[in-house]
Amino acid sequence: MMKWSIGCDGGGTYTRAVLVDNSGVVQGVSRGGSGNFQRIGEEGLLALLDRLLAPLLDLSGKERVSLGLALAGAGRSVEQERIETLVKEWGWKGTVHVESDARAALEGAHAGAPGLIAIAGTGSIVMGKNDRNESVRAGGWGPILGDEGSGYYLGLEALQAAARKLDGIGPATGLVDALAAELGLGTWDRLVPEVYGGRIDHRQIAALGPLVTAVAREGDQVALEIIERAGVALGAQVVAVAERLGLTGDVGLCCMGGVFAERGLLDSALQRAVSTRMDLELRSPLLPAVLGAVLLAWRREGREPDGRLLKRLRAFNPESL
């Protein structure tokens, strides 16, 4: 067993890494830019690791260190195997374990125990794990093929609802004025050229999620129905994952990501959607994804953390990331 472990959580916007000693105490933290493997590629990943790991390796005295890499855009075995090979060819002497960022979020959320997560940020995905350490996912297909319940889903549904109102075939909604102000549209005639011309791109549409939630909180029926549909779509994925894993009884679900940041609407809609199919207990994550990456690396080495070790990990303050 190695004395030191490094966990990395690489998302679409930024990456966080922690150095953990053998007793479960976090000894160092570092940060970097996007860790999405599909976006930054092989050279970008190695440059990111060079910046992230150097200060942590200095703290470890450059001993052999196990490395758990949890990266967006690395959800398939072909990508994970390529990254492991790439890191070893780069000169890494310790063990390397590569997983998706969602898998590390799941491991951290329930501190290695069975359970479910629903992530709704720019995109969306549902993932779960059972007591046989089998994991299953639903969603995560991206904005063209899926991403139900995500910020992009909410933003696109809101724009479509506004377009229907302007055409005279949809109900009145406060989304029309709110969207025009948020997007800086002097006139709605600008929507088509700015969407198809690229100024209003995927990320800007996804960033409209909080606006939809805010309008829904004011009682706007159209916005409330969009949130409800998002909850139904995510709820169907939650039930599918739970059934595939054989999860029964009071199943724990952690709702994560920017769309869930303001509790009360989407998570409630999701819970209503699954209430006739299963008993669901909404919980807060026990550990951040970056420590979930450490847990996965430990498991790769045959180490199962006991209650004392998990208690030390939970003493870490995620705000320091």
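What you see is a predicted model, and the numbers here were worked out from it, not measured in a lab.

A. How the structure looks around the overall build of the chain. The helix and strand inventory of the chain stands at 13 helices and 10 strands. Its C-alpha atoms give the chain a radius of gyration of 21 Å, within 12% of the compact-globule value 20 Å for 321 residues. Dimensions along the principal axes, computed over C-alpha positions, put the chain at roughly 65 × 45 × 35 Å. A buried classification covers 52% of the 321 residues belonging to the chain. Summarising the internal contacts of the chain: among those between residues at least 6 apart in sequence, 68% fall at separations of at least 24.

B. Highlighting the pattern of salt bridges. Applying the stated criterion to the full structure yields 17 salt bridges. Taking the shortest distance from any N to any O, the salt bridge between Arg132 and Glu134 comes out at 3.1 Å. Residues Arg272 and Glu228 are paired through a salt bridge, measuring 2.6 Å at the closest nitrogen-oxygen approach. With Arg272 in helix H11 (residues 266–274) and Glu228 in helix H10 (residues 221–245), this residue pair connects regions lying 44 residues apart in the sequence. For Arg272, a relative accessible area of 47% corresponds to the partly exposed category.

C. Region of the structure containing the packing of helix H5 (residues 151–167) against helix H6 (residues 175–183). Put simply, H5 and H6 touch, their axes get as near as 9 Å, and they point 120 degrees apart. Regarding the angle of H5 to H6, the classification is oblique. Crossing of H5 over H6 shows left-handed handedness. Seen from H5, the contacting residues are Ala158, Leu159, Ala162, Lys165 and Leu166; seen from H6, they are Leu175, Val176, Leu179 and Leu183. By residue class, the composition of the contact of H5 with H6 is 8 nonpolar, no polar and 1 charged.

D. Fine view of the sheet that holds strand E8 (residues 135–139). An order of E8-E7-E6-E9-E10 is seen for the 5 strands of this open sheet, with the pairing classed as mixed. Either end of the sheet is taken by a strand with one partner, and the two such strands are E8 and strand E10 (279–283). Averaged over all pairs of adjacent strands, the angle between strand axes in this sheet comes to 25 degrees, irrespective of strand direction. Relative to strand E9 (residues 250–256), strand E6 (residues 115–120) is paired through 4 bridges, and the arrangement is parallel. Bridged to Leu116 within E9 is Leu253.

E. Geometry of the packing of helix H9 (residues 209–217) against H10. It is at 7 Å that the axes of H9 and H10 come closest, and there the two elements cross at 120 degrees. With respect to H10, the axis of H9 lies oblique. Pair H9 / H10 crosses with left-handed handedness. Within the contact between the two elements, H9 uses Val212, Thr213, Val215 and Ala216 and H10 uses Ala223, Leu224, Ile226 and Ile227.

F. Structural context of the sheet that holds strand E2 (residues 15–21). Reading across the sheet, the 5 strands line up as E3-E2-E1-E4-E5 and stay open at both edges, with mixed pairing between neighbours. Strands with a single pairing partner mark the edges of an open sheet, and in this sheet they are strand E3 (26–32) and strand E5 (96–100). When strand polarity is set aside, the average angle formed by the axes of neighbouring strands in this sheet is 15 degrees. In this structure, strand E1 (residues 4–10) lies alongside strand E4 (residues 65–71), joined through 7 bridges in parallel fashion. From the neighbouring strand, Cys8 faces E4, where its bridge partner is Leu69. Lying on the sheet, helix H2 (residues 77–90) is in contact with E4 and E5; it crosses E5 at an angle near 145 degrees. Set on the sheet, helix H12 (residues 289–300) makes contact with E1, E2, E3, E4 and E5; between it and E1 the angle comes to about 130 degrees.

G. Summary view of H12. Spanning 12 residues, H12 covers 16 Å between terminal C-alpha atoms, matching the ideal 16 Å at 1.5 Å per step. Burial analysis of H12 places 10 of its 12 residues in the buried class, the great majority of the element. Residues Ala289, Val290, Leu291, Gly292, Ala293, Val294, Leu295, Leu296, Ala297 and Trp298 constitute the buried set of H12.

H. Highlighting the pairing of strand E7 (residues 124–129). The element E7 is largely enclosed, with a buried count of 6 among its 6 residues. Alternating positions in E7 separate into two faces, Ser124, Val126 and Gly128 on one and Ile125, Met127 and Lys129 on the other, with burial throughout. Strand direction decides the pairing type here: E6 and E7, joined by 6 bridges, are antiparallel. The residue bridging Ala118 from the neighbouring strand is Val126, located in E7. In terms of strand pairing, E7 meets E8 through 5 bridges, oriented antiparallel. Bridge assignment links Lys129 to a residue of E8, and that residue is Ser135. Hairpin remark: E7 followed by E8, antiparallel, with 5 residues in the connecting loop; positive phi at Asn133, about 65 degrees.

Calculation notes
- Residues numbered from 1 in each chain as written.
- Predicted model: local features only at pLDDT ≥ 70, side-chain atom pairs only at ≥ 80, totals over all residues.
- Heavy atoms only, no water.
- Helix = DSSP H or I, 4+ residues; strand = E, 2+ residues; numbered from the N terminus.
- Rg over C-alpha atoms; globule rule 2.2 N^0.38 Å.
- Buried < 20%, exposed > 50% of the residue type's maximum accessible area, 1.4 Å probe, protein only.
- Contact = heavy atoms within 4.5 Å.
- Salt bridge = Lys/Arg side-chain N within 4 Å of Asp/Glu carboxyl O.
- Axes fitted to C-alpha atoms, helices over the stretch in contact; angles between N-to-C directions.
- Parallel < 35°, antiparallel > 145°, perpendicular 65-115°, else oblique.
- Left-handed = near helix turned anticlockwise from the far one by under 90°.
- Nonpolar A, V, L, I, M, F, W, Y, C, P; charged D, E, K, R; others polar.
- Pairing = 2+ DSSP bridges.
- Expected span 1.5 Å × (residues − 1).

Purely geometric stuff here, so don't read any function into it on its own.
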